[in-house]
Amino acid sequence: MPKLRIADFVRMTMAWAINALALIAAAAVLPGLNADSKWRFVVVAAVTGVFGVVVRPVLATLAAHVGWILIVAVAVAGQAVTMHLALLVVPGVTANSFWTLVAATWIAATISTILTWLATAGTDESFDSALLRFAGKGAVLEDPDVDGIVFVQFDGVPFPVAQWALNSGSMPTIRRWVDQGSHRLDEWTAQLPCTTPASQLGILHGTCARVPAFRWYDRELGRVLVANRPEDAAVIEKRATNGKGLLADRGVSVSNLFSGDAEKCMMTMSRVSVGRGTLDTRRTFARFVVRPDGLARSVARTIAEVASERFQARRQRRRDVLPRVERSWTYAFLRASSNGVLHDLNTALVSQEMFRGARSIYVDFVDYDEVAHHAGVNRVESLRVLETLDQTLSTLERIAGHAPRHYHFVVLSDHGQSQGTPFEERHGASLSGVCAKLAGESVSSEEENVESWGRAGSVLDDLGGEEEFGGKAATNAASRIHERTAQTAKGSPEKDLVVLGSGNLGLVYVQSTTRLMLEDLETRWPRLVTGLAGHPGIAFVCVLSQEHGPLVIGAGGTRQLLSGKVTGVDPLATFPDHAASEILHAVQMPEAPEIYVNSTFDASTQEVAAFEALVGSHGGLGGWQDRAMLLTPTALSAAGPSIRGAEQVHRHLTELLVQLGHRSSLDRV
């Protein structure tokens, strides 16, 4: 259990004084709240604090069992109940109604939060102290001599950006670790496709097989699979798991697409469809928002994130920053959800599991990926997110100092990102529009970015449940969000071609149970393949040929991937040396499309052209999108790794677990 320090008593005394001042201010603006002396409010503040220690956990537990609507109701009225109890035992203070108490609570909470923030200068210690209170007493462990490990995924951070932030001092926690020699920062090369589904499946389950993109037409199911839909994530994981994932030995998965075979999963997409709603998530969320300062923090962060996004978007337009995309109000609220509420909830859940002594924890913070998609890879607003992520590491490091188990930290990204003007903006037509024109018929298509919607849905999914009251509302809201991510899931039987965008990687499928060869495509749609390969916005297409095998076709030449024979101009000349092997591996997947399409790549600027409306993108080849980062403890990994592909990352991280004494009941994989 955390020891009380002098600083803790100072903090509690300061909180008491600030709450008393806030109550006095609330009484000044509420005629229904009266006291015969201002000192009465000082006593009420003290008694309210004491009662809150007992009452708030009870209310939070009740709310967690009933559902998210009651969580919100408790957040609004819970403190009023506590204050009402305080008024019953403190004479000389009266309120003319219960709703006067609710109003007084909110006014006092707002004033208290502002004064507390000003008094502490927004110190990290105040948030850390709150997390320590939420986490509670550390567990008694059967194996306290076994060290734990926390895998923190910084979604989408390219190695060059991480290295720049490290050298510039923007990430002081990581810089301190590296300078002290406790950690080493390395680069690893992500596989094709450079997407979270492929990378995270590889990292957590040891295989990237059967995942050709973020979404794809599945010939076995006869529909489009979208990795951040719960039902589809469950299908993908079921096909990949052998029961020996990275987290199989009493691990915890937080806010991921896949479970890694963890025994406990929270906001994990592949497990949502198994049983909607996680009590631990709802309990933690309830304990956070049932406190006025906790709810005020979430509300304040959400408002600040929305305001920041709108200001940054307007500044880009005013300064005519290029490339850029339209950043809507809808996106602003989605960003606030992932970078505000979801970020805090992730931090609270990881802190809680560390206090419970979890052996291994894997958590995905999507903050950078979310901003960089719309603002740009190395823009100011994206780089500022790295400062927040680094501060979260500092918070978790301090939390670890109070945990019952010693923890090591591994920080990694699942892929990088590349920047550039979107394909449709450059060429006046979407990829599906180009395909439809070349094929001479209409096509089914999905080229809208849906990652943000999936992340928002994951929060509602885990706050939902099967309860009649509250839970179903969250579940229904989450279901509507997930339906948005799968508008083409049922396909259009009357349209033979399905065109999908995944960053700067395009996929063209024929709705069929078997995969068509190049010769079949040329017979059926004579202009399609050559037209795509010759388009000024496309670097190359890749197909299977009965005569030549896997074949890369560009505007001025071809490359046979099995023999390496090049005819004319090599379509991969401007790409890295590993491009050919990556394309070969991807195109040989049974789930691969009839035609893989990769946008143009400017080697001088490192820019690509996403087939979605994104400035920063990942999925195909070109630029920094396959340059991921890996920060590991030097005590567990002596030599710098040379890693290519998420499957090798899995093996590397598994070796770290073995060194710590994990996986005792599992075969090494």
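Computed from a prediction, not measured in an experiment: that's the story for all the values here.

Asker: What's the story with the overall build of the protein chain in this structure? I'm lost.
Answerer: For the protein chain, the helix and strand inventory stands at 23 helices and 24 strands. Expressed as a percentage of its 669 residues, the buried residues of the protein chain come to 60%. Residue pairs at least 24 apart in sequence account for 73% of intrachain contacts in the protein chain once pairs closer than 6 positions are excluded. In the structure as shown, the protein chain presents an accessible area of about 25400 Å², 57% of it carried by carbon and sulfur atoms.

Asker: How should the pattern of salt bridges be read in this particular structure?
Answerer: Opposite charge on two side chains lets them pair, provided their charged atoms get close. Tallying each qualifying case throughout the model produces 31 salt bridges. Asp 232 is the partner of Arg 223 in a salt bridge, and the nearest nitrogen-oxygen pair spans 2.9 Å. Arg 524 is the salt-bridge partner of Asp 496, the closest N and O atoms lying 3.1 Å from each other. Of this pair, Asp 496 sits in the loop between α19 (471-484) and β13 (497-502) while Arg 524 sits in helix α20 (residues 518-524); the two residues are 28 residues apart in sequence, bridging distant segments of the chain. On the accessibility criterion, Asp 496 (26% relative accessible area) is partly exposed.

Asker: Mind showing me how you'd approach the sheet that holds strand β8 (residues 264-266) here?
Answerer: Sheet strands pair by backbone hydrogen bonding; their relative direction is either parallel or antiparallel. A sheet is described by the order of its strands in space; here eight strands give the open sequence β8-β7-β9-β3-β10-β23-β4-β24, paired in mixed fashion. In the strand order of this sheet, the two ends are held by β8 and β24 (643-644), each with one partner. Both strand β3 (residues 148-154) and strand β10 (residues 407-412) contribute to a ladder of six bridges, which runs parallel. Its bridge partner lying in β10, Val 152 is registered against Val 411. Each of β3, β4 (183-189), β9 (360-365) and β10 touches helix α8 (residues 196-205); the most contacted strand, β9, lies at about 170 degrees to it. Helix α15 (residues 380-400) rests against β3, β9 and β10 of the sheet, and its axis sits at about 165 degrees to β10.

Asker: I'm lost on the environment of Gln 316 in this one. Help?
Answerer: Its location among the elements puts Gln 316 in helix α12 (residues 292-319). Taking the C-alpha atoms as reference points, Gln 316 and Glu 326, 10 residues apart in sequence, are found 10.0 Å from one another. With residues near it in sequence (within four places) discarded, Gln 316 still touches Val 321, Arg 324, Arg 327, Ala 375, Arg 379 and Glu 381. A polar contact is formed between the side chain of Gln 316 and the backbone oxygen of Ala 375, at a distance of 3.1 Å.

Asker: Is there a simple way to think about the nonpolar core in this case?
Answerer: Soluble, globular proteins show a tendency: their nonpolar side chains are buried together. One finds Phe 151, Trp 188, Ile 583 and Leu 653 to be the most contacted residues of the largest nonpolar core, which totals 69 residues. With six residues, the single largest contributor to this core is helix α22 (residues 579-587).

Asker: What's the story with the packing of helix α13 (residues 329-355) against helix α14 (residues 367-375) in this structure? I'm lost.
Answerer: In helix packing, the relevant descriptors are the interaxial angle and the interaxial distance, both defined with respect to the helix axes. Across the interface, α13 lies against α14 with an axial gap of 9 Å and an inter-helix angle of 160 degrees. In this view, α13 runs roughly antiparallel relative to α14, as classed from their interaxial angle. For the pair α13 and α14, the crossing hand works out as left-handed. For the pair formed by α13 and α14, the contact residues are Tyr 331, Arg 335, Ser 338, Asn 339 and His 343 on the first element and Asp 367, Glu 370, Val 371 and His 374 on the second. Considering only residue class, the contact of α13 with α14 consists of two nonpolar, four polar and three charged.

Asker: Hey, could you run me through the side chain of His 652 in this one?
Answerer: Counting through the fold element by element, His 652 comes out in helix α23 (residues 646-659). Non-local contacts of His 652, meaning those with residues more than four positions away in its chain, are made with Leu 630, Thr 632, Ser 637, Pro 641 and Ile 643.

Asker: Looking at this structure, how should I read the side chain of Thr 421?
Answerer: With respect to the helices and strands, Thr 421 occurs in the loop between β11 (418-419) and α16 (423-427). Overall, Thr 421 belongs to the buried group, its relative accessible area being 19%.

Asker: Help me understand the packing of helix α7 (residues 172-180) against α15 in this model?
Answerer: At a closest axis distance of 7 Å, the pairing of α7 and α15 adopts a crossing angle of 65 degrees. Every residue of α15 that contacts α7 at Pro 172, Thr 173, Ile 174, Arg 176 and Trp 177 is listed here: Asp 390, Leu 393, Ser 394 and Glu 397.

Asker: Quick question: what am I supposed to make of the pairing of strand β23 (residues 627-633) here?
Answerer: Along any regular strand the residues' side chains alternate between the sheet's two faces. Buried residues dominate β23, accounting for six of its seven residues. Across seven bridges, β4 lies against β23 in antiparallel orientation. Note on β23: the bridge partner recorded for His 183 is Pro 633. Both β10 and β23 contribute to a ladder of two bridges, which runs antiparallel.

Asker: Any chance you could explain the packing of aromatic side chains here in plain terms?
Answerer: Counted according to the given criterion, the structure contains seven aromatic pairs. Aromatic rings pair up to connect Phe 540, Phe 575 and Phe 601 into one cluster.

Asker: Is there a simple way to explain α23 in this structure?
Answerer: Within an α-helix, residues lying three or four positions from one another point in the same direction, as the helix has 3.6 residues per turn. Over its 14 residues, α23 extends 20 Å from the first C-alpha to the last, a length consistent with the 20 Å expected when each residue adds 1.5 Å. By the burial criterion, the buried members of α23 are Ala 646, Val 649, His 650, His 652, Leu 653, Thr 654, Leu 656 and Leu 657. Two residues or fewer after α23 comes Gly 661, characterised by a positive phi angle close to 90 degrees.

Asker: Sorry, what's going on with the sheet that holds strand β12 (residues 444-446) here?
Answerer: Here we have eight strands laid out as an open sheet, ordered β12-β13-β14-β19-β15-β16-β17-β18, and mixed in their pairing. The sheet is open, and its two edges are formed by β12 and β18 (566-568), each paired on a single side. Ignoring which end each strand starts from, the neighbouring axes of this sheet average 15 degrees apart. Pairing analysis gives three bridges linking strand β16 (residues 549-553) to strand β17 (residues 557-560), with the strands arranged antiparallel.

Asker: What is the right way to look at the confidence of the model for the protein chain in this model?
Answerer: For any part of a model where pLDDT is low, the fine detail of the predicted coordinates should not be relied upon. When pLDDT is averaged along the protein chain, the result is 84; 76% of the residues meet or exceed 70. Considering only residues more than four positions removed or in separate chains, one finds that residues 466-482, a stretch of pLDDT under 50, has 44 contacts.

Asker: I keep staring at unusual backbone geometry and nothing clicks. Help me out?
Answerer: Trans peptide bonds make up most of the peptide bonds, and negative phi angles are found at most residues other than glycine. Residue Pro 193 is reached from Leu 192 by a cis peptide bond, and omega for that bond is 5 degrees. By the element assignment, Pro 193 lies in the loop between β4 and α8. The peptide bond linking Leu 322 to Pro 323 adopts the cis configuration, its omega dihedral lying at -5 degrees. Phi at Arg 210 is positive, roughly 70 degrees, even though this residue is not glycine. In this fold, Arg 210 is placed in the loop between α8 and β5 (215-218). At Asp 261, a residue that is not glycine, the phi angle is positive and equals roughly 60 degrees. With respect to the element layout, Asp 261 can be found in the loop between β7 (251-254) and β8. Residue classification places Asp 261 among the buried residues on the basis of a relative accessible area of 15%.

Asker: Help me out: how do you make sense of helix α17 (residues 431-439) in this one?
Answerer: Listing the buried residues of α17 in full gives Leu 431, Ser 432, Val 434, Cys 435, Leu 438 and Ala 439. Considered in projection along α17, the buried side chains sweep an arc of 160 degrees and stay on one side of the axis. Positioned one or two residues after α17, Gly 440 has a phi angle of 75 degrees, which is positive.

What counts and how
Residues numbered from 1 in each chain as written. Predicted model: local features only at pLDDT ≥ 70, side-chain atom pairs only at ≥ 80, totals over all residues. Heavy atoms only, no water. Helix = DSSP H or I, 4+ residues; strand = E, 2+ residues; numbered from the N terminus. Buried < 20%, exposed > 50% of the residue type's maximum accessible area, 1.4 Å probe, protein only. Contact = heavy atoms within 4.5 Å. Areas by Shrake-Rupley, 256 points an atom, 1.4 Å probe, with all protein chains shown as cover. Salt bridge = Lys/Arg side-chain N within 4 Å of Asp/Glu carboxyl O. Pairing = 2+ DSSP bridges. Axes fitted to C-alpha atoms, helices over the stretch in contact; angles between N-to-C directions. Polar contact = N/O pair within 3.5 Å; in protein donor to acceptor, adjacent residues only side chain to side chain. Core = buried A, V, L, I, M, F, W, Y, C linked by side-chain atoms within 4.5 Å. Parallel < 35°, antiparallel > 145°, perpendicular 65-115°, else oblique. Left-handed = near helix turned anticlockwise from the far one by under 90°. Nonpolar A, V, L, I, M, F, W, Y, C, P; charged D, E, K, R; others polar. Phe/Tyr/Trp six-rings, centres within 6.5 Å; stacked < 30°, edge-to-face > 60°. Expected span 1.5 Å × (residues − 1). pLDDT = per-residue confidence, 0-100. Arc of directions from axis to C-beta.

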